[in-house]
Amino acid sequence: MDKVTAPAPEPGEAWQRVQLARHPKRPHALDYIQRLFTPFEELHGDRCFGDDPAIVAGMGFFEGMPVAVVGQQKGRDTKQKLYRNFGMPKPEGYRKALRVMKLAAKFGRPVVTLLDTPGAYPGVDAEERGQAEAIARNLREMAALPVPIVTVCIGEGGSGGALGIGVGNRVYMLENAIYSVISPESCAAIIWRDAGKAELAAAALRLTAQDLLRLGLIDGIIAEPPGGAHNDPDGAAELLRVTLRQALSELAGLESEELIEQRYLKFRQMGNFFAETAGGSA
Amino acid sequence: MAWFTRSKPTRQPAAEEERRVRTEGLWTKCDHCRQIIWRKALEDNLQVCPKCDFHFKIDAVTRLRLLLDDGRWEEYDSDLVSTDPLEFVDQRPYKERLAAMQQATSLKDAVIAASGRLQSRPVQICVLELKFIGGSMGAVLGEKITRAIERSLARREPLIIVSASGGARMQEGAVSLMQMAKVSAALMRLDQARVPFISVLTDPTTGGVTASFAMLGDLNIAEPGALIGFAGPRVIEQTIRQKLPEGFQRAEFLLQHGFLDAVVRRHDMKPFIARALDFFCGPVH
């Protein structure tokens, strides 16, 4: 049996990225939307239950091109944080997102989604209204959307809650963003029964943009201004603009069927980390 | 006070030892009604408590025997193993954990993918094995289910997935997470091709499995009492800082809130699925 020891290039690095991704001054979805999609009109409500402030969606114009934008939104001060439910969407948020994406599809407009959430809200009301069903449906319906989808993880890619609006033709991460199946704290609580071991868990989970690129799960990393996006939100938005412009123009040339096929094949090949063994246990 | 004096000499311990009938393993206690039940009666009743109808968990092989004709099936991709993409190490390397699980369950990962006949109709079926790292979804489980969907599509045979899982597999990180999108995208194709998919949710089905294929059936049906949710009850209790009400996230609760087509007893599961497939595809010739 081959013994594997984790290489762990720089032990503290992953944890540092986690801190940057959650930095209190880090630009949130609306900060980018205000800078890149002008004018922008927000659209509310899922037509079923209500409006979820943890997800913003609307009609925007990116360099004159009509684009639907959907993003998870965190708050800045305490009041805003509570209003945005700390960026943790409920089922009505995912349903609103899907409604706006389908609206975009109907009128042939591309979709840009911005991921930034600790995770989907784990509460009683969210369960009652079918959190799992809402996310599952988005995953399936986004796979069939006949218009380009560009996804950027701008901060915290918190598991299924982030992925629920993250099935894109192109998926990028900002340099200091993270994307993980579980938060380092929860992972540490499960494995070491000690949330304080989050630093170790962060390294073990391989949640940095560099890790995801290496694992073949994202298409590219978008650089941030020196020290991180919070030092220069305008600069960060301009760097994001360059990538969005390129991705949208590349995808604009594809037919609906090609877009669906390309997106399908992209996710189909994700996680080719298995081997055929012939009998006996590994 | 002769009433209290023993008329017979006390029994010799040795004699009692000889007379005792060994009953160990013959009886078991129901987790729900706490009554003592005869293990044989439980087995004859498909691991459902004869007194209170509590559905005990059953393993993947038992489930397949229950659902498929003559208890026969052909298995696929049984040799697919995880290559540990993250080289995950906590107190113990994930590779070792996997090897130990493979030894204990004689499975290579947490799902059996098979084809067989259900009341004479050929079907593709995947059954998750809870005993294997909590039935968690990593690259292997995602791939095996995706391949099953592709077989289902190519042969136009209905797909049945029986879930029992804690969700995505932490030890494979974002690779596990993306399996949710991969499987759901494959189900989109099956959906558009109008090949039926019946999702059977059993105790427990939570996390990334519920938030992907388990909720995407043409029919989503569950066994009575099965715990079904996105977040686990402990996580929710930590969020709201109070105890959850009795029956929260149980199959009956989901039925009431409109997220299940039906709650089906284990005894009725096979006939129910057969009728559904008759409805979708017409009777078998």
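Up top is the structure these notes are about.
Here the structure is a predicted model, which is why all the values come from computation and not from measurement.

A. Up close: the overall build of chain B. In terms of helices and strands, chain B carries 10 helices and 10 strands. Seen through its principal axes, chain B has C-alpha atoms that stretch 90 × 55 × 40 Å. For chain B, with 285 residues in total, the buried portion stands at 54%. Of all intrachain contacts in chain B linking residues separated by at least 6 positions in sequence, the fraction that spans at least 24 positions is 67%. For chain B, the accessible area works out to roughly 13500 Å², and carbon and sulfur atoms hold 49% of it. Of the charged side chains in chain B, 39 are positive and 35 negative; the average position of the first set lies 4 Å away from that of the second.

B. Focus on the pairing of strand β8 (residues 197–205) of chain B. Residues and elements named next belong to chain B. Of all 9 residues making up β8, 9 are buried, and the element is well covered by its neighbours. Bridge count for strand β7 (residues 159–165) against β8 is 6 bridges, and the pairing is parallel. Within β8, the position partnered with S165 by the bridge is T205.

C. Just the interface of chain A and chain B, in detail. With 63 residues of chain A in contact, the opposing surface of chain B contributes 62 residues. Carbon and sulfur atoms make up 68% of the area that chain A and chain B hide from each other, which totals about 5400 Å². Our count for the contact surface shared by chain A and chain B stands at 4 salt bridges. In this structure, the salt-bridge partner of R268 of chain A is E143 of chain B, at a minimum N-O distance of 3.0 Å. Of all the secondary-structure elements, those providing two or more residues to the side of chain A that touches chain B are α5 (124–128), α6 (131–143), α7 (159–163), β7 (178–180), α8 (184–191), α9 (198–205), α12 (256–268) and β9 (274–276) of chain A. The element that contributes the greatest number of residues to the side of chain A that touches chain B is α6 of chain A, accounting for 9 residues. A per-class count over the side of chain A that touches chain B returns 37 nonpolar, 13 polar and 13 charged. Examined bridge by bridge, β9 of chain A and strand β4 (residues 80–82) of chain B share 3 bridges and lie antiparallel to one another. Bridge pairing in β4 of chain B links F274 of chain A to S82 of chain B.

Definitions and limits used
Sequence positions are assigned chain by chain, starting from 1 and proceeding in written order. Each chain gets a letter, beginning with A, and each ligand a number, beginning with 1, in the order they are written. Selection of residues for local features in this predicted model requires a pLDDT of at least 70, selection of side-chain atom pairs for listing and counting requires 80 or more, and totals for whole chains, interfaces and linings are taken over all residues. Values reported for side chains reflect all heavy atoms of the structure, with hydrogen atoms and water molecules removed beforehand. In this description a helix means any DSSP run of H or I spanning at least four residues, a strand means any run of E spanning at least two, and both kinds are numbered starting from the N terminus. Between buried and exposed lies partly exposed: a residue is buried under 20% and exposed over 50% of the maximum accessible area for its type, with that area taken using a 1.4 Å probe on protein chains only. Residue contacts are counted whenever heavy atoms from the two residues lie within 4.5 Å of one another. The accessible surface values rely on the Shrake-Rupley method and a 1.4 Å probe; as for residues, cover is taken only from the protein chains in view. A positive count includes Lys and Arg, and a negative count includes Asp and Glu. His and the chain ends are not counted in either. Charged side chains are reduced to one point each, which is NZ for Lys, CZ for Arg, CG for Asp and CD for Glu. Strands are treated as partners if at least two bridges between them are detected by DSSP. As a working definition, buried area equals the accessible area (1.4 Å probe) given up by two parts on being put together, with both sides summed. A carboxyl oxygen of Asp or Glu within 4 Å of a side-chain nitrogen of Lys or Arg is what we treat as a salt bridge. By the convention adopted, Pro, Cys, Tyr, Trp, Phe, Met, Ile, Leu, Val and Ala count as nonpolar, Lys, Arg, Asp and Glu as charged, and the other residues, Gly among them, as polar.

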